[in-house]
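What follows is the residue order along each chain.
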Amino acid sequence: MPPADPGFGVYVHWPFCKAKCPYCDFNSHVRHAPPDQARFVAAFRAEIAHTRARIGQRRTESVFFGGGTPSLMEPGTVGAILDAIDAAWPLDARAEVTLEANPTSVEAGRFRGYRAAGVNRVSLGVQALDDAALKALGRMHTAEEALGAVAVARAAFERVSFDLIYARPDQKPEDWARELGRAIDEGCEHLSLYQLTIEDGTPFAALHRAGRLIVPGDEVARALWDVTQETTSAAGLPAYEISNHARPGAESRHNLLYWRYGEYAGLGPGAHGRLDTPEGRVATSTERGPEPWLARVEAEGHGGIVDEPLTRAEQADEYLLMGLRLAEGIDRARFARLAGRAFDPVRVAALLEEGMIAELPGERLRATALGLPVLDAIVADLAA
Ligand SMILES: C[S@@+](CC[C@H](N)C(=O)[O-])C[C@H]1O[C@@H](n2cnc3c(N)ncnc32)[C@H](O)[C@@H]1O
Ligand code: SF4
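Criteria and cut-off values
- Throughout, residues of each chain are indexed from 1 in the direction in which the sequence is written.
- As they are written, the chains are lettered A onward and the ligands numbered 1 onward, keeping that order.
- The predicted origin of the model limits local features to residues at a pLDDT of at least 70 and limits the giving and counting of side-chain atom pairs to 80 or more, whereas totals for whole chains, interfaces and linings rest on all residues.
- Values reported for side chains reflect all heavy atoms of the structure, with hydrogen atoms and water molecules removed beforehand.
- Helix and strand definitions here come from DSSP, where helices need a minimum of 4 consecutive H or I residues and strands a minimum of 2 consecutive E residues; each element is numbered from the N-terminal end.
- As defined in this context, the radius of gyration uses C-alpha atoms, and a globule is described by 2.2 Å times the residue total to the power 0.38.
- With a 1.4 Å probe rolled over the protein chains alone, any residue whose accessible area is under 20% of its type maximum counts as buried; one over 50% counts as exposed, and the rest are partly exposed.
- Values of accessible area rely on a 1.4 Å probe in the Shrake-Rupley scheme; residue burial ignores everything except the protein chains shown.
- Working convention for charge: Lys and Arg count positive, Asp and Glu count negative, and His plus the chain ends are omitted.
- Throughout, a charge is located at the NZ atom of Lys, the CZ atom of Arg, the CG atom of Asp or the CD atom of Glu.
- Nearness is judged by heavy atoms alone; a residue qualifies as near a molecule or strand once a single heavy atom is within 4 Å of it.
- Residues are sorted three ways: Asp, Glu, Lys and Arg are charged, Ala, Val, Leu, Ile, Met, Phe, Trp, Tyr, Cys and Pro are nonpolar, and all the rest, Gly among them, are polar.
- Nine residue types can take part in a nonpolar core, namely buried Ala, Val, Leu, Ile, Met, Phe, Trp, Tyr and Cys, and a core is a set of them joined through side-chain atoms within 4.5 Å.
- Contact definition: two residues touch when any of their heavy atoms are within 4.5 Å.
- Think of each axis as a best-fit line through the C-alpha atoms, taken over the contacting stretch in the case of a helix, with angles from 0 to 180 degrees between the N-to-C directions.
- Throughout, the term roughly parallel applies to angles under 35 degrees, roughly antiparallel to angles over 145, roughly perpendicular to angles from 65 to 115, and oblique to all others.
- Any pair of nitrogen or oxygen atoms within 3.5 Å is treated as a polar contact; in protein, a donor-acceptor pairing is required on top of that, and neighbouring residues in sequence qualify only through side-chain atoms on both sides.

Colleague: How should I be thinking about the overall build of the protein in this particular structure?
Modeller: Of regular secondary structure, the protein possesses 15 helices and 15 strands. For a compact globule of 384 residues, the expected C-alpha radius of gyration is about 21 Å, and the protein comes in at 21 Å, within 12% of that figure. The buried share among the 384 residues of the protein stands at 52%. Counting every atom, the protein has about 17,100 Å² of accessible surface; 54% of that belongs to carbon and sulfur. Seen as two clouds, the 41 positive and the 54 negative side-chain charges of the protein have centres 3 Å apart.

Colleague: Would you mind showing me how to read the site of ligand 2 here?
Modeller: Within the structure, ligand 2 sits among Cys17, Ala19, Lys20, Cys21, Tyr23, Cys24, Ser28, Gly68, Thr69, Asn102 and Arg139. Residue composition of the shell around ligand 2, by class: five nonpolar, four polar and two charged.

Colleague: Explanation requested: the nonpolar core in the structure shown.
Modeller: Nonpolar side chains tend toward joint burial in soluble globular proteins. The biggest cluster of nonpolar side chains holds 62 residues, and the ones touching the most others in it are Val12, Phe65, Trp89, Phe111, Leu124 and Phe162. Ignoring anything within four residues of it in the chain, the contact list for Phe111 reads Ala101, Leu124, Ala149, Val152, Ala153, Ala156 and Phe157. By size, the runner-up hydrophobic cluster in this structure holds 21 residues, among which are Tyr261, Ala316, Leu324 and Val379.

Colleague: What is the right way to look at the packing of helix H14 (residues 345-354) against helix H15 (residues 375-383) in this model?
Modeller: Packed helix pairs are specified by the crossing angle of their axes together with the interaxial distance, meaning the distance between the axes. Taken N-terminus to C-terminus, the directions of H14 and H15 make an angle of 150°; their axes are 9 Å apart at the nearest point. By the angle between their axes, H14 is roughly antiparallel relative to H15. For the pair formed by H14 and H15, the contact residues are Arg347, Val348 and Leu351 on the first element and Ile378, Asp381 and Leu382 on the second. Broken down by class, the residue content of the contact of H14 with H15 amounts to four nonpolar, no polar and two charged.

Colleague: Honestly, the side chain of Arg334 in this entry has me stumped. Any pointers?
Modeller: Note on placement: Arg334 falls in helix H13 (residues 332-339). Within the structure, Arg334 has its side chain in polar contact with the backbone oxygen of Arg260 (distance 2.7 Å). Not counting residues up to four positions away in its chain, the partners in contact with Arg334 are Pro6, Arg260, Tyr261 and Tyr319.

Right, dumping it as structure tokens:
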């Protein structure tokens, strides 16, 4: 059973990459001159102090350095930011501290430094275990180099996860089953398996529009999804969220905190947060561009551009949208506390009847395999 209080975490965004991958629309930027990391550390310290003054004391249960490519940060930069977080909101003895890394040998060379700085979990963007596919994805590493980085990571960290992208052009279910089996053989406790999404404004979107990049149709995509669920479950790494798989107990605490609708501070360019202030829960986000973010923090002490109080109904919607992604589903009583009303029993009965949702012990509801692809519609229905 999930904990009653989902806890507090901190997200730190590092907005730079060596090169932009043609499928990616994350807030990541390529700069010829390396960024001044000391200046960024000072700006992160300022945002931490600003947020601390707003929300007061907390115990930090997870920190996530995401990107962009956080493995371009110097270990000293990571350590300084962690020290500032610990001084503001002491890190729990069991806190999960994750850093996203690109699997090149240069970056693997910094892993021990991150460990010494306090990172205890690494999430590697392996993306594919096939060199032709990696090239087509515009990646700067081979499969062998990526597996080398996984090995270095496993030697340095107890907890290692990696990402793969599937439903790639021309990918056949039997090839994916083999590739996924190879990934599972690495013995990591956690895998994030994302279906390739064509994001607006990316080079892949232009190729797709021009008919030069063809992604699997619905039927093949469904077969690929089924292979993913069957292969990971059989190997003891079932899905605990739509795209995330783990050995029981090895789920990412930071991911769970988001999906359980916990509280998190979002620091750095383009970061989002949900803060419980004396005035209630607010949605925050910061300036997206790295240089404008720096300038804003240096002028105003924080990079925030959005700070919106969330109504009870909005919070209840967000809780549903997040929580129904999880295999553990949502707690009906928590929804009722947030929304100020219980679910409409007629709507719940209809969704159960249609097989879109299912009941779990402890007055919980989860989305079924039928319901997951139409989550927005289910949330709209339940929240109506
Ligand atoms: C911030 S990146 C991870 C760290 C690092 N930048 C890297 O690429 O190795 C987050 C992950 O999102 C996934 N991703 C990004 N764009 C995607 C897309 N269009 N479709 C599916 N997955 C995507 C990739 O698997 C990627 O590893
Ligand atoms: S996938 Fe990772 S390395 Fe590639 S552009 Fe996106 S954030 Fe950067």
